[in-house]
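Next come the chains, spelled out residue by residue.
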Amino acid sequence: TIVQTKGFCTDLFFQSALAWIKKQNEAKEPYFAYVALNAPHGPFYAPEEYKKRFLEAGYDEKTAGRYGMIENIDDNFGILMAKLKEWNALENTLVIFMTDNGMSMPKINRNGEQITPYNAGLRGGKNSPWEGGNHVPAFWYWKGVLGEGVDIDALVAHIDIYKTFSELAGAILPEQMQAIDGRSLLPLLAN
């Protein structure tokens, strides 16, 4: 249903997701919540309170908007995690945070100086075949099930998620179906 809303989009997406998750949790219903954000992405608008410190630090308006969007996502993700904890849902909820592409920022301006954004020393950026264009974070958290503070250095991709979720859910895939690329990540996550 399309509805007219008021507020910053990322806040609204998280508020709506949390309201729905709360209902599912209270009803003791299993759920899958996929919260897809359009931030940080152009146009780079962020609430003024999120842009303020970056503008005061001398960053240009576009960069302040992008960094403000990122901090807003961080705050909303923190609220999500706090609510899941408050609702005693972390023990039976797998939380995944990831992005869709590598770094995409051109040079930024800070106090009149051109600065190359940090890209962890990786070559390339968004829309390139190099690691800097497709290397993304994938944070997986499941209290009491997955190890905490563990870095997995294996190369994985989005095509692995379907088989992983199928195995987690105990789904038996039909024998007669299209071949599925990817592999389950459970052996990596369990070890």
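Everything below is about the structure shown above.
In this text, all values refer to a predicted model and were calculated from it rather than measured experimentally.

About the cut-offs
Residues numbered from 1 in each chain as written. Predicted model: local features only at pLDDT ≥ 70, side-chain atom pairs only at ≥ 80, totals over all residues. Heavy atoms only, no water. Axes fitted to C-alpha atoms, helices over the stretch in contact; angles between N-to-C directions. Helix = DSSP H or I, 4+ residues; strand = E, 2+ residues; numbered from the N terminus. Parallel < 35°, antiparallel > 145°, perpendicular 65-115°, else oblique. Left-handed = near helix turned anticlockwise from the far one by under 90°. Contact = heavy atoms within 4.5 Å. Nonpolar A, V, L, I, M, F, W, Y, C, P; charged D, E, K, R; others polar. Patch = residues over 30% accessible without salt bridge, like charges linked within 9 Å, V, L, I, M, F, W, Y side chains within 5 Å. Areas by Shrake-Rupley, 256 points an atom, 1.4 Å probe, with all protein chains shown as cover. Salt bridge = Lys/Arg side-chain N within 4 Å of Asp/Glu carboxyl O. Buried < 20%, exposed > 50% of the residue type's maximum accessible area, 1.4 Å probe, protein only. Phe/Tyr/Trp six-rings, centres within 6.5 Å; stacked < 30°, edge-to-face > 60°. Polar contact = N/O pair within 3.5 Å; in protein donor to acceptor, adjacent residues only side chain to side chain.

Caption draft 1: Expanded view of the packing of helix α2 (residues 48-56) against helix α3 (residues 61-86). Two numbers describe how α2 lies on α3: the axes approach to 8 Å, and their chain directions differ by 135 degrees. Comparing their axes, α3 and α2 come out oblique. Here α2 runs over α3; the crossing is right-handed. Along its contact with α2, which presents Y50, K51, R53, F54 and L55, the element α3 presents E61, A64, G65, Y67, G68, E71, N72 and D75. Of the residues that constitute the contact of α2 with α3, the class distribution is five nonpolar, three polar and five charged.

Caption draft 2: Looking closely at a nonpolar patch on the surface. The grouping of Y162, L173 and M177 at the surface amounts to a nonpolar patch, some 250 Å² of accessible area in total. Considering the arrangement of structural elements, one finds L173 in the loop between α5 (159-169) and α6 (186-190). What makes L173 partly exposed here is its relative accessible area of 32%.

Caption draft 3: How the structure looks around the pattern of salt bridges. Within this structure, the stated rule accounts for seven salt bridges. Measuring nitrogen to oxygen at the nearest pair gives 2.7 Å for the salt bridge that ties K52 to E56. A residue pair is termed a helical-turn pair when its members lie 3 or 4 positions apart in one helix, as K52 and E56 do in helix α2 at four residues. For K52, a relative accessible area of 48% translates into the label partly exposed. Assessed through its relative accessible area of 58%, E56 is described here as exposed. For E91, the salt bridge is made with K143, and the minimal N-O distance between the two is 3.4 Å. Of this pair, E91 sits in the loop between α3 and β1 (95-98) while K143 sits in the loop between β4 (138-141) and α5; the two residues are 52 residues apart in sequence, bridging distant segments of the chain. Residue class for K143 comes out partly exposed when judged on its relative accessible area of 34%. Through salt bridges with shared partners, a single ionic network connects E48, K51 and E61.

Caption draft 4: Broad picture of the environment of Q24. In this fold, Q24 is placed in helix α1 (residues 9-26). Overall, the relative accessible area of 17% leaves Q24 in the buried class. Residues within four places of Q24 in sequence aside, it is in contact with E29, P30 and Y31.

Caption draft 5: Focus on the packing of aromatic side chains. Under the counting rule described, the total for this entry stands at eight aromatic pairs. With centroids separated by 6.3 Å and ring planes inclined at 70 degrees, the aromatic side chains of F54 and Y59 adopt a geometry described as edge-to-face. The exposure class assigned to Y59 is buried, which follows from its relative accessible area of 17%. Every member of this aromatic cluster is reached through a ring pair, and the members are F77, F97, F139 and Y141.

Caption draft 6: Just the environment of T93, in detail. Topologically, T93 is positioned in the loop between α3 and β1. With relative accessibility at 9%, the residue T93 sits in the buried group. Of the polar contacts made by the side chain of T93, one reaches the side chain of Y31; its length is 3.5 Å. Only 3.5 Å separates the side chain of T93 from the side chain of N92, close enough to count as a polar contact.

Caption draft 7: Examining α5 more closely. Burial in α5 covers these residues: D160, I161, T164 and S166. On its buried side, α5 packs onto β1, β4 and α6.

Caption draft 8: Unusual backbone geometry, seen in detail. Geometrically, the link from A39 to P40 is a cis peptide bond, its omega value of 0 degrees lying close to zero. Among the structural elements, P40 can be located in the loop between α1 and α2. Cis geometry marks the peptide bond from G42 to P43, where omega comes out at -5 degrees. Phi is positive for N88, close to 55 degrees, though the residue is something other than glycine. Structurally, the position occupied by N88 is in the loop between α3 and β1. Residue classification places N88 among the exposed positions, given a relative accessible area of 62%. Despite not being glycine, N127 shows a phi value in the positive range, around 70 degrees. Among the secondary structure elements, N127 is positioned in the loop between β3 (113-115) and α4 (131-134).

So yeah, pure geometry; function would need other evidence.
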